[in-house]
Amino acid sequence: MAAVRRGQVPLNLDLPSSQINPDFPPISALFLIYFDIKAGYTIGWKRSLPGVELEGVVEYKSLPSGLHTVKEDLIYFVNDNHAGLSAFINAPAAEESRNARMIAVGIMVPLSYGRLGRSWKHADILKEMASELIHDTTKTEILEEFWEESKAHGATPAADTESITSPTSINFKPIRTAPGKAKGHTRNRSASDGAALLPPGQHLSAYHPAWSLPSLLETFGPLIFPIHRAALLRKRILITAHAPVQETCNFVYDISVLSNIPLAVSDLLSPSAPPQRLRPLFSIGVHDIPLLEEDLRIAKAAATSPGSETTEGRDEPGCGWIACTTDSILAMKSKLYDVLITMPPQYSENAAEKVWPKIESPQGIELKATQRDLRRYKALRWGLSRHVSPPASPAVRHGSSEGQELDTRRASSSGASAPAHDPMLDLPDTDDIIEPLSWAALAYSGFMWWASAGEQRVHSEEESEADAALLSGLALSPSTPHTPIRPRSQSNISAGAKNPREENNAKQEMAIIAYFHRLTTQILTTISDVVDATDSDDEREDDLQPLQGGAEDSQEEEHNGPAVYISNTDMERMGLDVWSSTDHHFVEEICHEYFGRRAHIEGRNVDVCGIRIC
C-alpha cells in the first residue's frame, strides 16, 4: 500500500462513543481488509470480542464478487448471531498494484438489536475511516480509538429492539366475510401492530435501509405483490444482481419488513405457523453454499415431521430466507432456492423500454403479477402521491365507527380513485410482467358489459374503495406529491447525505410498510373468519366435503380439522385475483402453512341460462 502523502493533514474524526450516544449499538468486531495482488483479500487489522470469528469469514462476506467495478459500496451480511457492515472503497493506484487500491472497513454487531443490529448507524464513520485508510493502511490508530470507544461491554439485549416494525395507524378494519361479531377471536385492533415505526421526536438515520422503500416500488412495480406473497409463504428467495450491492441489500431488508406478520393477527394462526418474519441473510456468495445446504436439510427434516412449534419472534433455519448475491453460480444451484429474482443491469436504466426484474421458479417458470396486482399497484401509487387522510370533521368523533367510515369514504374519493387520464398511472411495458386475461375473464367481462354495465361499475368502485382503505388514515405529506426516485447508477445513492425527505419524518416509507401489513392482515383475517365459520357449522362442512375423500384425507382432517371453502367473494375481500390460478394456489398454500387446513377454491365460471360457457 502506498504511504501517506507528504504534508497530508492527519485524520481527526469525531468518533461516536457508545457512552456518549447510547443510540449507537456497541460492536462485537472491527476489521480492515485490503486487496493483496498475491494473496487476494487479506485481513490487515482486526479486533473482536471472545467467540466472534473473523478469519475465513469477513474476507468473503464483506467483499462480494464484482466490487472491483465500482468506486464505493456498503455491504450488509449475516454470520451466526451477528450482522456485519463493511464500507468498501476502490481508488486508483500505480501499475504494480494493478491500477487499483481496494480496502474495506467493517464491523459486526449482535443480531439481538434487530435484522441488521442497527449497524447502519455506524455507516458514516466507517466510510470516513475507509476514505482515510485508503491512502495508508498502516495508520490504524483511528481503528484502535473507534474500537475502544464502541466495543460492547456486558451482556447484549435479549429482545429485538429494532426501530422499524409495524407503523401505528388509526384502527383499520379489514373487510369481513360476514357482519357481526367475530367467532372465537377479537379483531378490533389495528392492522399494523401497536409498535411505532419511529419513537416520537426521532428520525430515520441517513443510511437506514427503509429509505429505499419508494425505490423498491419503483423498481419492481406490480411485481412487488407476487414477491410479497412469496415472502409471506416463507419461500427461499434469492436476488441476483451486479455490484454495487447496497441497494439490493436494502431491498432484502425491505421485503423482510413488508412480509412481517402483524401482532394483531398472530393469535389467529396455528401454533405450527411459520415465524413472524422472513429471515434476511443479505449478501451471500459461493462460500455460503454449505449454509444454504444445511438450511435445505433442516427444511426437509421439518417437512417429514410436521407439528413442531416454532419459536416465537425468532429467525429459524429451514423456515425460508431472502438474500442477494453477485455470484451467478448460486443461480445454478436451483435446489437451494424457491424463487429467483434477476435484477436488470445498471445500463438498462437508459434503455428505450423499461426493463423489469425477472422472477422465476427453480424450474425456470416465470412468475408474473396478476391483473388485480396491476390495478392495485396503480391505486397504491396514486394514494402515495396524494394526501389521503384529510382532517376529520369536528362534528364527527375520531373514535366512532361513523368517523372511520367517513375517513374511508373521503380517502377513496380524494386519494385512491385515480382518474384514467392521469399520466402518473401510465406504466410502460408491463405486458411481459402481467398475466394475460384468461378467456373466462374476457367472456365474463363481455357478458357483464352486455347484461349489466351498472353492476360492473359498482364492482369496480368497490374494488377501488377496498384499495383506498389500505391507505386510509396514514399521515402522508400533501406538499410533496411524488418524490422522484434517483437512478441506481448515480454515485450519490450511497452518499447518505441529509435531504428534504428526512424532514418528512419517513411518512411515505411508514405508509408503505403499513399498507403491506394491512394487506397481510386482510388476507389472514379473511381466511381466519372462513376457518371459524367452517368449525362452527358442521352441517355446512359435511356438504362441502368431497364425497370421494380417501383415508389419507380423513386422517388429515381428523388431525388438522375440516377443509375450508374459499368463495370468489372471499378471494375479492383478500384483494386477490379470482381468475388467477397462481392466486388460487397461494391461498391453498397459506391455508396450509398458517392454519393447517386444506382449502377448496371456488372456480369462476360463466353461466348463461344455466349453461356453462367457460
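Residues numbered from 1 in each chain as written. Predicted model: local features only at pLDDT ≥ 70, side-chain atom pairs only at ≥ 80, totals over all residues. Heavy atoms only, no water.

S.K.: Summarise the overall build of the chain; cite the residues concerned and give the values.
M.R.: Scanning the chain for helices and strands turns up 18 helices and 14 strands. Burial status across the chain gives 51% buried among its 614 residues. Taking the contacts inside the chain whose residues are at least 6 apart along the sequence as the reference set, 77% of them involve residues at least 24 apart. Total accessible area on the chain stands at roughly 28900 Å², and carbon and sulfur atoms take up 52% of it. (Helix = DSSP H or I, 4+ residues; strand = E, 2+ residues; numbered from the N terminus. Buried < 20%, exposed > 50% of the residue type's maximum accessible area, 1.4 Å probe, protein only. Contact = heavy atoms within 4.5 Å. Areas by Shrake-Rupley, 256 points an atom, 1.4 Å probe, with all protein chains shown as cover.)

S.K.: I'd like a description of the pattern of salt bridges, backed by residues and values.
M.R.: A side chain of one charge can pair with a side chain of the opposite charge when the charged atoms of the two come close. Across all of its chains, the model carries 17 salt bridges by this definition. We note a salt bridge from Glu-148 to Lys-151, for which the minimum N-O separation is 3.6 Å. Between Arg-236 and Asp-338 there is a salt bridge; the shortest N-O distance is 2.8 Å. Of this pair, Arg-236 sits in strand β6 (residues 236-240) while Asp-338 sits in the loop between β8 (321-325) and β9 (339-342); the two residues are 102 residues apart in sequence, bridging distant segments of the chain. Residue classification places Asp-338 among the partly exposed positions, given a relative accessible area of 26%. Residues joined by salt bridges that share partners form a network here, namely Arg-229, Asp-373, Arg-376 and Asp-583. (Salt bridge = Lys/Arg side-chain N within 4 Å of Asp/Glu carboxyl O.)

S.K.: Give a detailed account of the state of the cysteines, specifying residues and quantitative values.
M.R.: Working definition: the covalent bond between the sulfur atoms of two cysteines is a disulfide. Taken as a whole and assessed by the stated rule, the structure comprises 0 disulfides. Summary of cysteine pairing: Cys-324 is not part of a disulfide, and the nearest cysteine sulfur, belonging to Cys-249, is at 3.7 Å. Exposure remark for Cys-324: the relative accessible area of 2% places this residue in the buried category. (Disulfide = S-S within 2.5 Å.)

S.K.: If you had to explain a negative patch on the surface to someone new, which residues and values would you point to?
M.R.: A cluster of acidic side chains, namely Glu-353, Glu-366, Asp-429, Asp-431 and Asp-432, defines a negative patch on the protein surface. Looking at where Asp-431 falls in the secondary structure, it is placed in the loop between α10 (401-416) and α11 (439-451). Overall, Asp-431 belongs to the exposed group, its relative accessible area being 68%. (Patch = residues over 30% accessible without salt bridge, like charges linked within 9 Å, V, L, I, M, F, W, Y side chains within 5 Å. Lys, Arg positive; Asp, Glu negative; His and termini not counted. Charge placed at Lys NZ, Arg CZ, Asp CG, Glu CD.)

S.K.: I'd like a description of the pairing of strand β3 (residues 72-79), backed by residues and values.
M.R.: By the criterion of burial, β3 is predominantly enclosed, with 7 of the 8 residues buried. One ladder, built from 8 bridges, connects β3 with strand β4 (residues 82-92); its direction is antiparallel. Residue Leu-74 lies in a different strand from β4, and its bridge partner there is Ala-87. (Pairing = 2+ DSSP bridges.)

S.K.: Can you lay out the packing of aromatic side chains for me, pointing to particular residues and giving the numbers?
M.R.: One pass over the full model with this rule turns up 6 aromatic pairs. Relative to Phe-282, the ring of Tyr-76 lies with its centre 6.3 Å away and its plane at 50 degrees, an arrangement referred to as tilted. Of this pair, Tyr-76 sits in strand β3 while Phe-282 sits in strand β7 (residues 279-284), and the two are 206 residues apart along the sequence. For Phe-282, a relative accessible area of 0% puts it in the buried group. By way of ring pairs, the aromatic residues Phe-225, Tyr-515 and Phe-516 are connected into one cluster. Of note, Lys-354 hangs over the ring of Trp-356, and the distance from its end group to the ring centre comes to 4.7 Å. Seen from the ring of Phe-225, Arg-376 lies directly overhead, with NZ or CZ sitting 4.6 Å from the centre. (Phe/Tyr/Trp six-rings, centres within 6.5 Å; stacked < 30°, edge-to-face > 60°. Lys NZ or Arg CZ within 6 Å of the ring centre and 35° of its normal.)

S.K.: Break down unusual backbone geometry for me, with residues and values.
M.R.: Here the amide bond leading from Ala-243 into Pro-244 is cis, since omega sits at 5 degrees, within 30 degrees of zero. The phi dihedral of Asp-80 falls on the positive side, at around 55 degrees, and the residue is not glycine. By secondary structure assignment, the location of Asp-80 is in the loop between β3 and β4. The phi dihedral of Phe-282 is positive, around 60 degrees, even though this residue is not glycine.

S.K.: Lay out the environment of Pro-562 with the relevant residues and their values.
M.R.: Its place among the elements puts Pro-562 in the loop between α16 (551-560) and β11 (564-566). We classify Pro-562 as buried; its relative accessible area is 17%. Spatially, the C-alpha atom of Pro-562 lies 9.7 Å from that of Gly-596, the residues being 34 residues apart in sequence.

S.K.: Got a sec to walk through the environment of Glu-132? Specific residues and values, please.
M.R.: Structurally, Glu-132 is set in helix α2 (residues 123-133). Through-space distance from the C-alpha of Glu-132 to that of Ile-142 is 9.4 Å; in sequence the pair is 10 residues apart.

S.K.: Pulling in residues and values, what's your account of helix α9 (residues 371-384)?
M.R.: Over its 14 residues, α9 extends 20 Å from the first C-alpha to the last, a length consistent with the 20 Å expected when each residue adds 1.5 Å. By the criterion of burial, α9 is predominantly enclosed, with 11 of the 14 residues buried. When α9 is considered as a whole, its buried residues turn out to be Arg-372, Asp-373, Leu-374, Arg-376, Tyr-377, Ala-379, Leu-380, Arg-381, Trp-382, Gly-383 and Leu-384. (Expected span 1.5 Å × (residues − 1).)

S.K.: Kindly report on the environment of Asp-288, identifying the contributing residues and their values.
M.R.: The residue Asp-288 is located in the loop between β7 and α8 (289-304) in this model. Looking at Asp-288, the relative accessible area reads 8%, which means it is buried. Separated by 227 residues in sequence, Asp-288 and Lys-61 have C-alpha atoms that sit 8.6 Å apart.

S.K.: For the confidence of the model for the chain, give the residues involved together with the corresponding values.
M.R.: Across the chain, the average pLDDT comes to 76, with 65% of residues at 70 or higher. In this model residues 157-163 is a low-confidence stretch, pLDDT under 50, and it forms 20 contacts with partners more than four residues away in sequence or in other chains. Here residues 477-498 is a poorly scored stretch, pLDDT under 50, and it has 37 contacts once near neighbours within four places are set aside; other chains count. (pLDDT = per-residue confidence, 0-100.)

S.K.: Explain the nonpolar core residue by residue, including any values.
M.R.: Grouped together as the largest cluster of nonpolar side chains are 101 residues, with contacts concentrated most on Leu-30, Val-58, Val-105, Leu-143, Phe-220, Ile-341 and Phe-516. Excluding its chain neighbours within four sequence positions, the residues that come into contact with Val-58 are Phe-31, Ile-33, Ile-43, Leu-63, Phe-77 and Met-108. Counting residues in hydrophobic clusters, the runner-up holds 26 residues, among them Leu-232, Ile-523, Val-531 and Val-587. (Core = buried A, V, L, I, M, F, W, Y, C linked by side-chain atoms within 4.5 Å.)

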